[in-house]
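As a plain string of letters, each chain reads:
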Amino acid sequence: MVLMMLTTPLSPRALPPPAATATPRHRLLAGLPPALLPLPDPRSRETSRGQPPAAPRRSATPPPRRAGPEEREGRRGAWPEGGALGHARGGARAWAGPGAAEGGSGSGRGSRPGRRKVRSSEVSWSPLHHLGTAHFLLPLCEQLAFNRHVVLCLCQPAAAMDIPVFILAGLLVHCVFLVSIFDIYFSSPLVHGMTPQQTPLPPPAKRLVLFVADGLRADSLYELDSNGTARAPYLRSILENNGSWGISHTRVPTESRPGHVALIAGFYEDVSAVAKGWKENPVEFDSVFNESKYTWSWGSPDILPMFAKGATGDHVYTFCYAAESEDFGAEDAAKLDMWVFDHVKSFFNSSRSNQTLFSALNEEKVVLFLHLLGIDTNGHAHRPNSREYQENIKQVDEGVKEIASLIDSFYGNDGKTAFILTSDHGMTDWGSHGAGHPSETLTPLIVWGAGVNYPQKVTTQFFEDNFLKEWKLENLKRLDVNQADIAPLMASLIGVPFPLNSVGTLPLEYLNTSALFKAESMFTNAVQVLEQFKVKMSQKKETTLSILFTPFKPLSASEQINYLKKIRLYIEQQKYDEAVSLCKTLINLALEGLSYYHTYDRLFLGLSIAVSFVGWTTYVILVIIKAHTNLTKTVPANKKKSTVLFYGFASAGMIITFFLLIQTCPWTYYIYCLLPVPVWYAVVKEIPVIQDLATNVLSLHIGQSAGFLLVCILGIEILVFSFFYRSALTVGLLVFAGWPVITQLWIQAKTKALIWTLLCVLLAIFPLMPVVGREPNIPLVIAAGLLTILISFFLLTSLCKSENKYRDNENLKVYFYQMFSVALSTYVVGSTHNSLKIKQGLPVMNQIISWMTLVFSPVLLLLSPTFLFERLFSILLSLMSTYLLLSTGYEALFPLALFGLMFVWINMEQEALQHYGLSLKPKLAVFNFTCTMDITQFRQLHLDDVRRSFFFVFFIVTAFFGTGNIASINSFDPASVYCFLTVFSPFMMGGLLLLKVAIPFVLVSCAFEAVQVTTQLSSKSLFLIVLVISDIMALHFFFLVKDYGSWLDIGTSISHYVLVMSLTIFMMVMNGLAQLLTTRRLGLPRRNKHHSM
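S.K.: Report on the overall build of the chain, specifying residues and quantitative values.
M.R.: Within the chain, the regular secondary structure consists of 38 helices and 10 strands. The burial tally for the chain puts 55% of its 1093 residues in the buried class. At a minimum sequence separation of 6, the contacts of the chain that also span at least 24 residues come to 79%. Of the roughly 46,900 Å² of accessible surface on the chain, a fraction of 62% belongs to carbon and sulfur atoms.

S.K.: Break down the nonpolar core for me, with residues and values.
M.R.: Counting 156 residues, the largest nonpolar core has Trp-756, Trp-905 and Phe-955 as its most contacted members. Looking at this core element by element, the count peaks at 15 residues for helix 36 (residues 986–1014).

S.K.: Lay out a nonpolar patch on the surface in plain terms, naming residues and giving numbers.
M.R.: On the surface, Val-844, Met-845, Ile-848, Met-852, Val-855, Phe-856, Val-859 and Leu-1082 cluster together to form a nonpolar patch covering roughly 730 Å² of accessible area. Mapped onto the fold, Ile-848 is located in helix 32 (residues 844–863). What makes Ile-848 partly exposed here is its relative accessible area of 40%.

S.K.: Which residues make up the packing of helix 22 (residues 639–661) against helix 23 (residues 667–674), and what values go with them?
M.R.: Relative to each other, helix 22 and helix 23 sit at 155°, their axes nearing to 10 Å. As summarised for this structure, helix 22 and helix 23 are arranged roughly antiparallel, according to the angle between their axes. Viewed along their axes, helix 22 and helix 23 form a crossing whose handedness is right-handed. Judged by residue contacts, Gly-653, Ile-656, Thr-657, Leu-660 and Leu-661 of helix 22 engage Tyr-669, Tyr-670, Cys-673 and Leu-674 from helix 23. Broken down by class, the residue content of the contact of helix 22 with helix 23 amounts to 7 nonpolar, 2 polar and no charged.

S.K.: Describe the sheet that holds strand 9 (residues 481–482), with residues and values.
M.R.: Spatially, the 8 strands line up as an open sheet ordered 5-4-6-2-7-8-3-9, and their pairing is mixed. The two strands at the open ends of the sheet, each matched to only one other strand, are strand 5 (316–320) and strand 9. Across 6 bridges, strand 2 (residues 207–213) lies against strand 7 (residues 417–422) in parallel orientation. Looking at the pairing, Arg-207 lines up with Thr-417 of strand 7. Strands in contact with helix 7 (residues 233–241) are strand 3 (244–249), strand 7 and strand 8 (442–449); relative to strand 8, the strand with the most contacts, it is inclined by about 65°.

S.K.: With reference to specific residues and values, describe the side chain of Gln-663.
M.R.: Along the chain, Gln-663 falls in the loop between helix 22 and helix 23. Judged by relative accessible area, Gln-663 falls into the buried class, the value being 6%. When near neighbours in sequence (up to four residues on either side) are disregarded, Gln-663 contacts Thr-543, Thr-544 and Leu-545.

S.K.: Residue-level account of the packing of aromatic side chains, with values.
M.R.: Applying the stated criterion across every chain, the model contains 63 aromatic pairs. Between Phe-289 and Phe-307 the ring centres are 5.5 Å apart and the planes differ by 65°, which places this aromatic pair in the edge-to-face class. Linking Phe-289 in helix 9 (residues 288–291) with Phe-307 in helix 10 (residues 304–309), this pair joins segments that are 18 residues apart in sequence. Of the residues examined, Phe-289 reaches a relative accessible area of 1% and is grouped as buried. Taking relative accessible area as the criterion, Phe-307 reaches 2% and is therefore assigned buried. One aromatic cluster is present, built from ring pairs that chain together Tyr-294, Trp-296, Trp-298, Tyr-317, Phe-319, Phe-347, Phe-348, Phe-358, Phe-410 and Tyr-411.

About the cut-offs
- Residues numbered from 1 in each chain as written.
- Predicted model: local features only at pLDDT ≥ 70, side-chain atom pairs only at ≥ 80, totals over all residues.
- Heavy atoms only, no water.
- Helix = DSSP H or I, 4+ residues; strand = E, 2+ residues; numbered from the N terminus.
- Buried < 20%, exposed > 50% of the residue type's maximum accessible area, 1.4 Å probe, protein only.
- Contact = heavy atoms within 4.5 Å.
- Areas by Shrake-Rupley, 256 points an atom, 1.4 Å probe, with all protein chains shown as cover.
- Core = buried A, V, L, I, M, F, W, Y, C linked by side-chain atoms within 4.5 Å.
- Patch = residues over 30% accessible without salt bridge, like charges linked within 9 Å, V, L, I, M, F, W, Y side chains within 5 Å.
- Salt bridge = Lys/Arg side-chain N within 4 Å of Asp/Glu carboxyl O.
- Axes fitted to C-alpha atoms, helices over the stretch in contact; angles between N-to-C directions.
- Parallel < 35°, antiparallel > 145°, perpendicular 65-115°, else oblique.
- Left-handed = near helix turned anticlockwise from the far one by under 90°.
- Nonpolar A, V, L, I, M, F, W, Y, C, P; charged D, E, K, R; others polar.
- Pairing = 2+ DSSP bridges.
- Phe/Tyr/Trp six-rings, centres within 6.5 Å; stacked < 30°, edge-to-face > 60°.

Printed below as a string of structure tokens:
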């Protein structure tokens, strides 16, 4: 009834005729419902939100009574005696009347002595009076009448779309936007149906031994120690005397699975494999192992099974150690490599007594694969510059020497064995990989044995990285390759067909064979790549209308025949150099054509997503304008036009569907292409709103409008700039520090303004701290824990001394439990890292405590009272107990600084609310989250609310970048999860790292929730503005995504877009989580007190 009364316009008959001498103020108030009329003396006694006023005297009304348990739980749809029903925020309890309990304290409050008695003749009870509605409604109504360009009035009902439906639609739309980037830029490049291609001449080697030292950096292997000796003496002697060497350039993402796929299958895998932890096969593919006669492999269970699974027949054999052996906290991860070497030795020794195995080993086209994970594990655990990492390199060098000697001896030194040592990826100085830093993409390549060139002496050679002089290898020719080039090299050495999906180019300089063999091998390579091009072109031609199909002109059917004829003619004429040159040209053209057809629909799909993006952002803006402002007038719907509009867009959707159907496009194309239809239909339906908005905007002062627009653009650009340079956040925080001075808030709140300024400056230091590369600083983490406990004692002491009538001493136990949890986490962090330092592994008790802390911290949080200060304090303690366990350095101090600033922000927003005359300042000390009411219909939306929303987005971005993260996978240190687990588990570790990132987000979101309810705004109105800001950022990054330039640039541009889209979706989730954490309270049974009579 209340909502109906407030949203239903009164008939003219119901309105009293205005007096002839009525002032503008009286005329403004004449049309308001009685419930909105102000009290005669609204300032006689301030009432704050969350604190019920005194019950008015009424005739024939029973006196106020203490609310029962049911009423304390806030029954909806019932009117408690003497009170009013409030609409609770997010399903939370609403105050049920003068006698209802205050929040979760369990104590009711009736009329309080000392309060001025209000006579029934003065005013009748209104459900809005306890909210102080008249206090802020009157001045804003006057501003609306005379300063319309300053205030955006919230005077219309909410949008037609329900809030849950709108949130669900927003989530779905943003999920489409997020997933689309992978379909556009990271779809699988694989095609099937090619004919295998094999060099017709006998190969130089009968068998191949492949050593892959996982995580081995090129500089770590090639550079000399401080005393001038080689770290890997055997391999150094090989590249100086017996074989060829160079650098293998990997591509993003620099992870183990895509690295091994590039090495063994010859193509660069798309990022979709990460959904299966880089372990399974999203798409079946061919490999050198599959083409071999027999392959035996030893190593990690994360790598070997995928090549056995993708092989046809039963000829790829794997020998893996247990997954639990991949322990970052182990005494020495080099034991993983020793396991491999020992099992290879045992394998060859056992073959002498096994005739079947002995015969198989003596076949041609045999591959032996040794996957050495110890270096990668030691790099993660101890960093690449550590003694453990470098000692592991020496152990691998010794193991390679022993295996090479064993194999040569086993085969009687027949000279038919080729050896290759390389790595799948490198590693950063801080022990991570995944991005495109040179330390991650530069890996060693050493090849020796049958069919391999000997070292080539040179006088000069130039490379941009200038490593040759550091490595003392400037006189030995360096032969760099792309990682995918190694697969055709292996296939050529042992004479197996090139992997069907290989995009590598055979590096001829590594071969020590005849010119004819090189020419024939290159011709085989060219035909194999051309076969992929032809299949890809055929597939695209079949799924595209002939009138719309645009072929790759440089490699038309006639051009393909011409190239093949010329190459064959050159080989027959023994013009091998010309044949090789033409083969390389054909390979490059075929690769360009593959890329052309692979990205054929990229522009089309990109435009569809961009149109949807613009449409969705426009729709959200229209929702804000229509439902939350008075800039437009209500226009009666024209049913005829609406029907025409609906059928017009429905017809467009049917045409698009038919167009996609006849081309047999993938189902995802239907989503991307049809999404703009309903989005723009919703926008076009609001043409009258757009026209009214344009009229109002044109009537505004041009200078003020341009200034406001300029400030908005500048603010969003700072946010975008912070993704590239974290120091931009420092600049923004320093500007925030001057906000009280700029707006003159410091005049009415000098102490709060000073604290705000100091905390902004303090937080501004964090983005200037090193991004990554820091050594673990556990004493700093312990100091953060002790500081948290010290601050907690101080705050609890203040709380105990306060005269808060709503405080229950029983609730103090919850805080002591939380403080004990923080102290326990502080101890576990120090104990765990000391244990790992002395290589005793992760203590089981510490692991149990860590997981229990993670599980029970949220439970303790929900047991605390729901008063604003007490609940936010409880949230900090719960999150800090978990965050300490995930910290390794200075980032442990970040939540404390952030929480301090967030709490002052809440107080400063109260000052801003009073400064602009929007409301009287409520008493935050007794403010209760569960007693606040959603007063969307009553609170007016001020332009200053745009600033509040921007503050929230800025703090969210600061919460991510301020802790040392960057928009890249390699900024996350696996050492952060060592209190929970040390055994490699990508999903578990990734989940814990995401939790670490999310904790500062939760602090900001809860503070924003408090800002919304204490400034008398619903979560919907401000969050819509936040959504617009984040979507504009996302659209900005969408246009910055590129697929050219270095792989570092490409990977960074994509990760920026993915990150900002994830933040948009994440903020939606955080909004709901913040309401849950601030309003919900678990009730525990309490012992009843019995009094003796």
